[in-house]
Amino acid sequence: MNPLFFEQSSASWEQVEPKIKRQIVSYDNHLMMVHVLFEKGGVGALHHHPHSQVTHIASGKFEVTIGDETKELSKGDCFFIPSNTIHGVSCLESGLLVDVFSPMREDFITKE
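These notes cover the structure that comes with them. None of the values given here were measured: they were computed from a predicted structure. (Residues numbered from 1 in each chain as written. Predicted model: local features only at pLDDT ≥ 70, side-chain atom pairs only at ≥ 80, totals over all residues. Heavy atoms only, no water.)

### Focus: the side chain of histidine 49
- Relative to the assigned elements, histidine 49 resides in the loop between β4 (43–47) and β5 (52–66).
- A polar side-chain atom of histidine 49 sits 3.1 Å from a polar atom in the side chain of glutamine 53.
- Excluding its chain neighbours within four sequence positions, the residues that come into contact with histidine 49 are Ser83, Asn84, His87, Phe101 and Arg105. (Helix = DSSP H or I, 4+ residues; strand = E, 2+ residues; numbered from the N terminus. Polar contact = N/O pair within 3.5 Å; in protein donor to acceptor, adjacent residues only side chain to side chain. Contact = heavy atoms within 4.5 Å.)

Following this line, the structure appears as structure tokens:
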């Protein structure tokens, strides 16, 4: 992976759930960007992690839960998740999320 440039056509996708694929865009120790492709009905189950996260909805429609609040968001919208806050999404219309994490998600990197 070239950390300075990302070319969609040469990057691989990882199947993380039956209706969810993930593509690592770029990262260093402090920051990571990830594409997450959802089919309608895909669910990013409620979870939490120590990373701060901001997500841009590039396409589709999602029901987003952060803490005790749930909101329907669509293309062009964005949401922020503070560190260690319970959150999850349900895909209402197939789409793409662009996740940015700080620091990077070591658990997303496959060790060979």
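### Looking at the packing of aromatic side chains
- The final tally for this structure, using the stated rule, is two aromatic pairs.
- When the centroid spacing of 5.2 Å and the interplanar angle of 80° are considered together, the rings of phenylalanine 38 and phenylalanine 62 count as edge-to-face. Separated by 24 residues along the polypeptide, phenylalanine 38 in strand β3 (residues 32–38) and phenylalanine 62 in strand β5 bring together distant segments of the chain. The pair formed by phenylalanine 38 and phenylalanine 62 is uniform in burial state, with each residue classed as buried.
- Residues phenylalanine 101 and phenylalanine 108 carry aromatic rings whose centres are separated by 5.6 Å and whose planes lie at 90° to one another, so their mutual orientation is edge-to-face. Summarising the burial analysis for this pair, phenylalanine 101 and phenylalanine 108 share the class buried.
- Lying across the ring of phenylalanine 108, arginine 22 places its NZ or CZ 3.8 Å from the centre. (Phe/Tyr/Trp six-rings, centres within 6.5 Å; stacked < 30°, edge-to-face > 60°. Buried < 20%, exposed > 50% of the residue type's maximum accessible area, 1.4 Å probe, protein only. Lys NZ or Arg CZ within 6 Å of the ring centre and 35° of its normal.)

### Comments concerning the pattern of salt bridges
- The full count for this structure, using the stated rule, is four salt bridges.
- The residue arginine 22 makes a salt bridge to glutamate 14 at a minimum N-O spacing of 3.3 Å.
- What emerges from the salt-bridge pattern is a single network uniting Lys61, Glu72 and Glu93. (Salt bridge = Lys/Arg side-chain N within 4 Å of Asp/Glu carboxyl O.)

### With respect to unusual backbone geometry
- Note that the residue after serine 102, namely proline 103, is joined by a cis bond; omega there is -10°.
- Note on placement: proline 103 falls in the segment after β8 (87–102).
- Despite not being glycine, asparagine 84 shows a phi value in the positive range, around 60°.
- Note on placement: asparagine 84 falls in the loop between β7 (78–81) and β8.

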